[in-house]
Amino acid sequence: GGGRKSGCMLCAGQLQLLGPGPSMRIFKSKSKQKEAVQFDVQLPAAAPTQSGIAIAVIVRDEAHAIAEWIDYHKAAGVDHFILYDDDSQDDTMAIARCCLAIDQITIVPWRQRLQDARFGRALHNQGLAFGHAASNFCHFRWIAFTDVDEFIYPTSASSIPEVLVQLEAADSIYMNWMMFGRQGF
């Protein structure tokens, strides 16, 4: 009781909430670069009137895939799309704007490359973007953190909101990552 009521839908290897308190650990377990990949984010108190489902993604030059990804998740029940634009040079943002109404999309320019001055390591850009989303978009009841090539597929209901109604008491949900395709994966 009394714990944080905002929720995160989490994808494998990216975010982990630390207990019921207002913090989140962000990490990427298989990074091949010398970068700071684990750090904590202090989350604000949950907004009293949380509602809706958002999805956050960092993109760079994803014009070939963004429309399918948005259309799929919109049909699955996502209300709002938070796109962190990592200096796209193609039509990714224009396509995204065409797929969504103005109140369904937030575009955040995300071009920085930050380093830990003490250790000389890059700070993981996707982790920073997702930490920013969790800290600044807490008016949504749920925020999913994915990549453009990842699709949230509800298996026990026909939409994401139908699944989440059954999990309303949960503070966070961790989803396993699965590959599938033409070759039997």
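Anything mentioned here points back to the structure above.
If you're wondering where the values come from, they're calculated on a predicted model, not measured in any experiment.

A look at the overall build of the chain
Here is step 1: The number of helices and strands found in the chain is four helices and twelve strands.
Here is step 2: The proportion of buried residues among the 185 residues of the chain is 43%.
Here is step 3: Residue pairs at least 24 apart in sequence account for 70% of intrachain contacts in the chain once pairs closer than 6 positions are excluded.
Here is step 4: Only carbon and sulfur atoms are counted for the fraction: they give 54% of the accessible area of the chain, which is about 10300 Å².

Considering the pattern of salt bridges
Here is step 1: By the definition in use, this model includes three salt bridges.
Here is step 2: One salt bridge connects Arg-60 with Asp-86, and the closest N-O pair in it is separated by 3.1 Å. With Arg-60 in the loop between strand E6 (53-59) and helix H1 (66-76) and Asp-86 in the loop between strand E7 (80-85) and helix H2 (92-99), the pair connects residues that are 26 residues apart, well separated along the chain.
Here is step 3: A relative accessible area of 10% places Asp-86 in the buried class.
Here is step 4: Between Asp-87 and Arg-111 there is a salt bridge whose closest N-O contact spans 3.3 Å. One end of the pair, Asp-87, is in the loop between E7 and H2; the other, Arg-111, is in the loop between strand E8 (105-109) and strand E9 (115-116), with 24 residues separating them in the sequence.

A word on H2
Here is step 1: Regarding H2, the residues found buried are Thr-92, Met-93, Ala-96 and Cys-99. Looking straight down H2, one finds that the buried residues subtend no more than 120° of arc, so they occupy a single side.
Here is step 2: Buried positions along H2 lie against E6, H1, E7 and E8.

Details of the nonpolar core
Here is step 1: Grouped together as the largest cluster of nonpolar side chains are 25 residues, with contacts concentrated most on Ile-66, Trp-69, Ile-70, Phe-81 and Leu-83.
Here is step 2: For this core, the elements supplying multiple residues, two or more each, are E6, H1, E7, H2, strand E11 (142-145), helix H4 (160-165) and strand E12 (172-175).
Here is step 3: Ignoring any residue separated from it by four or fewer positions in sequence, one finds Phe-81 in contact with Ile-55, Trp-69, Ile-70, His-73, Lys-74, Leu-100, Gln-104, Ile-105 and Thr-106.
Here is step 4: Among the nonpolar cores identified, the runner-up in size contains 18 residues, and Val-41, Ala-56, Ile-58 and Tyr-84 belong to it.

Observations concerning the packing of aromatic side chains
Here is step 1: In total, this model carries four aromatic pairs according to the counting rule given.
Here is step 2: With a centroid separation of 5.1 Å and 85° between ring planes, the pair formed by Tyr-84 and Trp-110 is classed as edge-to-face. Taken together, the positions of Tyr-84 in strand E7 and Trp-110 in the loop between E8 and E9 put the pair 26 residues apart, joining distant regions of the chain. Of the two residues, Tyr-84 and Trp-110, both sit in the buried class.
Here is step 3: A centroid spacing of 5.1 Å and a plane angle of 50° characterise the contact between Phe-130 and Phe-145, whose relative ring orientation is tilted. Note that Phe-130 is positioned in helix H3 (residues 125-136) and Phe-145 in strand E11, a separation of 15 residues in sequence. The same class applies to Phe-130 and to Phe-145, which are both buried.
Here is step 4: Between Arg-141 and the ring centre of Trp-142, over which it is positioned, the NZ or CZ distance is 4.2 Å.

Observations concerning the environment of His-64
Here is step 1: In this fold, His-64 is placed in the loop between E6 and H1.
Here is step 2: Between the alpha carbons of His-64 and Asp-90 there is a distance of 9.4 Å; along the sequence they are 26 residues apart.

How each quantity is defined
Residues numbered from 1 in each chain as written. Predicted model: local features only at pLDDT ≥ 70, side-chain atom pairs only at ≥ 80, totals over all residues. Heavy atoms only, no water. Helix = DSSP H or I, 4+ residues; strand = E, 2+ residues; numbered from the N terminus. Buried < 20%, exposed > 50% of the residue type's maximum accessible area, 1.4 Å probe, protein only. Contact = heavy atoms within 4.5 Å. Areas by Shrake-Rupley, 256 points an atom, 1.4 Å probe, with all protein chains shown as cover. Salt bridge = Lys/Arg side-chain N within 4 Å of Asp/Glu carboxyl O. Arc of directions from axis to C-beta. Core = buried A, V, L, I, M, F, W, Y, C linked by side-chain atoms within 4.5 Å. Phe/Tyr/Trp six-rings, centres within 6.5 Å; stacked < 30°, edge-to-face > 60°. Lys NZ or Arg CZ within 6 Å of the ring centre and 35° of its normal.

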